[in-house]
Amino acid sequence: MRNKQPIKSITPLAKTALTVVLIGLCFALTACDPGHYRFDHEYLADIASVELVYYDNPDQRHFLSWVPDHSDDLKPFDESRLRVLETLDENAIPDLTDTLCECLILRAYYAYDSPNGLCIKLSYSDGNFIIVSSDYESYAGYIGKFYANGAVAEFIGCFCDWIDYKTLVNNYFQTKIR
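The present account deals with the structure reproduced in this document. It should be emphasised that the depicted structure is a prediction, and the values quoted were computed from it without experimental measurement.

So, on to the overall build of the protein. In terms of helices and strands, the protein carries 3 helices and 8 strands. Reading the protein from its N terminus to its C terminus gives the helix and strand order α-β-β-β-α-β-β-β-β-β-α. Residues classed as buried in the protein amount to 39% of the 178 residues present. Counting contacts in the protein only where the partners sit at least 6 residues apart, residues at least 24 apart contribute 71% of the total.

The biggest cluster of nonpolar side chains holds 28 residues, and the ones touching the most others in it are Phe39, Val50, Ile120 and Leu122. Elements with a contribution of two residues or more to this core: strand 2 (47-55), helix 2 (93-102), strand 5 (117-124), strand 6 (129-135), strand 8 (152-159) and helix 3 (162-172). Leave out the neighbours within four places in its chain, and Phe39 touches Leu44, Leu100, Cys101, Ile105, Ile130, Ile143 and Ile156. Judged by nonpolar contacts, the second largest core, of 12 residues, contains Val53, Tyr55, Leu82 and Phe146.

If you trace the 8 strands from one edge of the open sheet to the other, you get 1-4-8-7-6-5-2-3, paired in antiparallel fashion. Edge positions in the open sheet fall to strand 1 (36-37) and strand 3 (82-87), since each of these has one partner strand only. Here strand 5 pairs with strand 6 via 5 bridges, running antiparallel. Paired with Ile120 across the two strands is Val132, which belongs to strand 6. Along the sheet, helix 2 makes contact with strand 2, strand 5 and strand 8, crossing strand 2 at roughly 70 degrees. On top of the sheet, helix 3 reaches strand 2, strand 5, strand 6 and strand 8; it is set at about 70 degrees to strand 5, its chief contact.

Another aspect to go through is helix 2. Every buried residue belonging to helix 2 is among Ile93, Leu96, Thr97, Thr99, Leu100 and Cys101, and all of these are buried. Looking at the buried positions of helix 2, the neighbouring elements they touch are strand 2, strand 5, strand 8 and helix 3.

For helix 3, the full list of buried residues reads Trp162, Tyr165, Lys166, Leu168, Val169 and Asn170. Its buried side turned inward, helix 3 meets strand 2, helix 2, strand 5, strand 6 and strand 8.

All right, on to the environment of Phe39 then. Structurally, Phe39 is set in the loop between strand 1 and strand 2. On the basis of relative accessible area, Phe39 is assigned to the buried category, the value being 3%. Sequence separation between Phe39 and Thr99 is 60 residues, and the spatial gap between their C-alpha atoms is 9.8 Å.

Overall, the coordinates contain 9 aromatic pairs when judged by the stated rule. These aromatic residues form a ring-pair network of at least three members: Tyr55, Phe77, Phe129, Tyr142, Phe146 and Phe155. A cation sits over an aromatic face here: Lys121 above Phe129, 4.6 Å from the ring centre. One residue, Lys145, lies across the ring of Tyr124, its end atom 4.6 Å from the ring centre.

Opposite charge on two side chains permits them to pair, given that their charged atoms come into close proximity. One pass over the full model with this rule turns up 3 salt bridges. Residues Asp59 and Arg81 are paired through a salt bridge, measuring 2.8 Å at the closest nitrogen-oxygen approach. Remark: Arg81 occurs in the loop between strand 2 and strand 3 and Asp59 occurs in the loop between strand 2 and strand 3; sequence separation between them is 22 residues. The class for Asp59 is exposed, based on a relative accessible area of 52%. Judged by relative accessible area, Arg81 falls into the partly exposed class, the value being 26%.

By the definition in use, this model includes 0 disulfides. Here Cys158 is not cross-linked by a disulfide; its sulfur's nearest cysteine counterpart is in Cys160, at 8.1 Å.

Conventions we followed
- Residues numbered from 1 in each chain as written.
- Predicted model: local features only at pLDDT ≥ 70, side-chain atom pairs only at ≥ 80, totals over all residues.
- Heavy atoms only, no water.
- Helix = DSSP H or I, 4+ residues; strand = E, 2+ residues; numbered from the N terminus.
- Buried < 20%, exposed > 50% of the residue type's maximum accessible area, 1.4 Å probe, protein only.
- Contact = heavy atoms within 4.5 Å.
- Core = buried A, V, L, I, M, F, W, Y, C linked by side-chain atoms within 4.5 Å.
- Pairing = 2+ DSSP bridges.
- Axes fitted to C-alpha atoms, helices over the stretch in contact; angles between N-to-C directions.
- Phe/Tyr/Trp six-rings, centres within 6.5 Å; stacked < 30°, edge-to-face > 60°.
- Lys NZ or Arg CZ within 6 Å of the ring centre and 35° of its normal.
- Salt bridge = Lys/Arg side-chain N within 4 Å of Asp/Glu carboxyl O.
- Disulfide = S-S within 2.5 Å.

What follows is the structure, given as structure tokens:
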């Protein structure tokens, strides 16, 4: 016959430690929200042209985690990799920017170091531009502002919902995303 030990109760110190660990775990799992953002109409008021482009970027790197600030790892925009597919009629620009202002964006959600593939390029009259892209497979993307020379001016984030990007492309351009 086996020697049975009585079950010991949990000490108050162990209960306190377990409670602290559980509270810390809850905090860690809920405190990592990147925050939501919407474009301000004034931020997009000076857009002079909008193009649907293909940006061939086989060197795009996916970050393991969005949490740390990856701004030093962002890559400049290389115009030689850009192919213009369509140019939006300038009369449609206000409608597109209004629609873009309604889209929910994960602020500073670092998924990639640079855009890739099908993108929307919104150009300001001073040559600076915004690149908007999204990826159906990873449900992530890249939204950022660049200076005219291609240097990163500001990383904005990525779409909260891929369907917002698909709707922008499908509603304003001949090229359709299926």
